[in-house]
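The lines below spell out each chain.
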Amino acid sequence: MRGGEIPRHIGQYMLRTAILILSGNVATSALMLARNLVIARLIPVADYGVAATFAMVMAVIEMGSTLGLQQQIVQSKRGDDPAFQAALQGFQLLRGVIAAAALFVLAGPIADFLAISEAAPAYRWLALVPLLTAAQHFDIHRAQRRGHYRPMLLTGALPALAALIAIWPLSRLFDDWQVALWAILLHAALGVLVSHLMAERRYRLRLDRAEMRANLRFGAPLLANAALMYLVFQGDKIIVGRLAGMEALAVFAMGMTLTLTPTLIGAKSVQNLFLPKLSAAHGRADASAHRQLAGATFEGMFLTGSTLLLGTVLIGPLVVTALLGAKYASLLPLLIPFALTNALRAIKNGPSTVALSAGQTDNGFWGNLPRIAVLPLSYWALAQTGSVVPVIWLGVTGEAIGLGVALWRLSRVMALPQVGRAALTTALVLVAIPLITLAAPGTLLIWPIALLLIAAQLVALPHLRAYFGRPQIGTA
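Residues numbered from 1 in each chain as written. Predicted model: local features only at pLDDT ≥ 70, side-chain atom pairs only at ≥ 80, totals over all residues. Heavy atoms only, no water.

Participant: Please clarify how the overall build of the protein should be interpreted in this entry.
Facilitator: In terms of regular secondary structure, the protein is built from 19 helices and zero strands. Relative to its full complement of 476 residues, the protein shows a buried share of 53%. Surface exposure of the protein reaches about 20,600 Å², of which carbon and sulfur atoms provide 68%. (Helix = DSSP H or I, 4+ residues; strand = E, 2+ residues; numbered from the N terminus. Buried < 20%, exposed > 50% of the residue type's maximum accessible area, 1.4 Å probe, protein only. Areas by Shrake-Rupley, 256 points an atom, 1.4 Å probe, with all protein chains shown as cover.)

In structure tokens:
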């Protein structure tokens, strides 16, 4: 067998697995996006801004409980040990109780800070979400060790579908942000239920101080990165909500949602597919397998980023006009910079995923620092101009610098994969498409140019082709 090739039957299995993961993540994210779009269509813009603050509040709670417990049960050699799983589940539930209590106490101050004191009772109800989420059964993650992704995917998709269906009866009862509140609570409750229905083992809890200390050591860099991630995803929204009000926040949050959702679909699918294999290949005597998988991971993230940008240019305005209506017309000129921001974020997931498999858990932390560093500038720019446009372009700048930092950090623990052609075609997409679109908005030339760039991108992915069982052509 030639180097860079994989037996065809194995390649076909890998392709089916990749399609399953991608379709499951697409289904879950698409259902949640549909829920947000329907709610935005049904309630006033300012009320959708209030609903957007629910996601901001929940994100800070999730950030505070990020210690990589789900990753541990996939990655650790003890992941199949029932006692180890019980300890992880016990620690997870303990953190959920603490997070729920903290949100209940802080509900009033949070509402006052955002100048929406009427939403304080909603934040107290939201305290149930971290408690419910923490009670999920970890069997859905343990199954990934055997390449079984269906339990995890169904636990995401089925509650999202039920919450979407519930929007209609909820809208008959409420005509404001309460529709979003109760949909979120229903989603969380059903997520717990489905995870237990998908489980193979009896749900057990164990509080073990030694295990908790080990979990804290493992997760400390992830927790620090999660704090930065909160500022990355929510910092701009906090600034916009605080300075510009709920209507501006609604438009800003919708722009981020429309472009971030496909980013997360692609990036999560690539990470779910490659991280277990990268972790298994790391440390072997023959390092070529890990390098090839690292190259495929990078190329998968490149493809995610460029596809997002091209899709936003080609169909983004149609989506906004058809699904959200005239009340979100001010979002149209913001789509390109939003998409560019999240395309760079998707690409940055390449080095962070590979670094995690190599034991460098702080790569994401360092890669996010530049993004955080521009937040004071964003605050100043919005205060001076009253426009969110400089805020978004500052985000693009921060993501670009962060990508360079993440690559530098990864290079300190391993040689970077050879992905020169893929990187070049991706850079061409990220530079050419925004320039053409902004210079000649509405030009039909963008379609043939986009198709040409897509073709060039697909050709320049030798590691992905090799992974799925096709002969590797040339060198990267």
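Having put the structure on the table, let's press on.
Participant: It is not clear to me how the pattern of salt bridges should be interpreted in this structure. Could you clarify?
Facilitator: Opposite charge on two side chains lets them pair, provided their charged atoms get close. Scanning the model with the defined rule gives five salt bridges in all. Note that Glu-399 and Arg-371 form a salt bridge whose closest N and O atoms lie 3.6 Å from each other. Here the residue Glu-399 occupies a position in helix α16 (residues 389-411), and Arg-371 occupies one in helix α14 (residues 363-373), the gap between them amounting to 28 residues. Classification of Arg-371 as buried rests on a relative accessible area of 2%. One continuous salt-bridge network, built from bridges that share partners, spans Asp-236, Arg-345, Lys-348, Arg-371 and Glu-399. (Salt bridge = Lys/Arg side-chain N within 4 Å of Asp/Glu carboxyl O.)

Participant: It is not clear to me how the environment of Leu-103 should be interpreted in this structure. Could you clarify?
Facilitator: Relative to the assigned elements, Leu-103 resides in helix α4 (residues 82-113). The exposure class of Leu-103 is buried, given its relative accessible area of 2%. Between the C-alpha atoms of Leu-103 and Met-58, which are 45 residues apart in sequence, the distance is 8.9 Å. In this structure, Leu-103 is in contact with Val-57, Met-58, Ile-61, Ile-110, Tyr-123, Leu-126 and Ala-127, ignoring residues within four places of it in sequence. (Contact = heavy atoms within 4.5 Å.)

Participant: Sorry if this is basic, but what is going on with empty space enclosed by the protein here?
Facilitator: Here the idea is plain: a probe the size of a water molecule rolls over the atoms and shows the empty space left. Scanning all chains against the criterion turns up one cavity of 30 Å³ or more. Quantified by volume, the largest cavity comes out at close to 40 Å³. In this structure, the largest cavity is lined by Val-232, Phe-233, Met-256, Thr-341, Asn-342, Arg-345, Arg-371 and Glu-399. Elements with a minimum of two residues in the lining of the largest cavity: α10 (209-244) and α13 (335-357). For the lining of the largest cavity, the element with the most residues is α13, which contributes three residues. (1 Å grid on protein atoms, 1.4 Å probe; cavity = no way out; pocket = protein on both sides within 12 Å on 5 of 7 lines; lining within 4 Å. Points joined across faces, edges and corners; volume = space filled by probe spheres on them.)

Participant: Help me understand α13 in this model?
Facilitator: With 23 residues, α13 extends 34 Å between its outermost C-alpha atoms, agreeing within 8% with the 33 Å of an ideal straight helix rising 1.5 Å per residue. Counting buried positions along α13 gives 22 out of 23 residues, so the element sits mostly inside the fold. Two residues or fewer past α13, Gly-359 is found with a positive phi of approximately 85°. (Expected span 1.5 Å × (residues − 1).)

Participant: What exactly am I supposed to notice about the environment of Val-192 here?
Facilitator: Among the structural elements, Val-192 can be located in helix α9 (residues 178-197). For the pair Val-192 and Leu-131, spaced 61 residues apart in sequence, the C-alpha separation works out to 10.0 Å. Those residues in contact with Val-192 that sit more than four places away from it in its chain are Leu-132, Thr-133, Ala-135 and Gln-136.

Participant: Looking at this structure, how should I read helix α12 (residues 288-324)?
Facilitator: Side chains that are three or four residues apart share a direction in an α-helix, a result of its 3.6 residues per turn. Approximately 55° is the largest bend angle found in α12, and it occurs at Ile-315, with the proline Pro-317 only one to four residues beyond. Following α12 by one or two positions, Gly-325 has its phi on the positive side, about 85°. (Bend = angle between axes of the 7 residues up to and from the residue.)

Participant: I'm lost on the packing of aromatic side chains in this one. Help?
Facilitator: Aromatic rings considered in pairs are described by the distance between their centres and by the relative angle of their planes. Overall, the coordinates contain seven aromatic pairs when judged by the stated rule. For the pair Phe-54 and Trp-177, a centre-to-centre distance of 5.9 Å together with 85° between the ring planes defines the contact as edge-to-face. Taken together, the positions of Phe-54 in helix α2 (residues 45-64) and Trp-177 in the loop between α8 (150-173) and α9 put the pair 123 residues apart, joining distant regions of the chain. Of the two residues, Phe-54 and Trp-177, neither departs from the other in class, the shared state being buried. (Phe/Tyr/Trp six-rings, centres within 6.5 Å; stacked < 30°, edge-to-face > 60°.)

Participant: Would you mind going over unusual backbone geometry with me for this structure?
Facilitator: Leaving glycine out, the prevailing phi sign among residues is negative, and the prevailing peptide bond configuration is trans. Positive phi is not limited to glycine here, since Ala-115 has a value of about 60°. Position of Ala-115 relative to the elements: it lies in the loop between α4 and α5 (120-126).

Participant: Help me understand the packing of α14 against α16, please; the structure alone is not making it clear to me.
Facilitator: Helix-helix packing: each pair is described by the crossing angle between the helix axes and the interaxial distance. For the pair α14 and α16, interaxial distance at closest approach is 7 Å and the crossing angle is 150°. One element, α14, and the other, α16, form an angle in the roughly antiparallel class. Here α14 and α16 pass one another in a crossing that is right-handed. Two secondary-structure elements touch here, α14 through Asn-363, Trp-366, Gly-367, Pro-370 and Arg-371 and α16 through Gly-395, Gly-398, Glu-399, Ile-401, Gly-402, Val-405, Ala-406, Arg-409 and Leu-410. Each residue belonging to the contact of α14 with α16 can be placed in one class, and the counts come to six nonpolar, five polar and three charged. (Axes fitted to C-alpha atoms, helices over the stretch in contact; angles between N-to-C directions. Parallel < 35°, antiparallel > 145°, perpendicular 65-115°, else oblique. Left-handed = near helix turned anticlockwise from the far one by under 90°. Nonpolar A, V, L, I, M, F, W, Y, C, P; charged D, E, K, R; others polar.)

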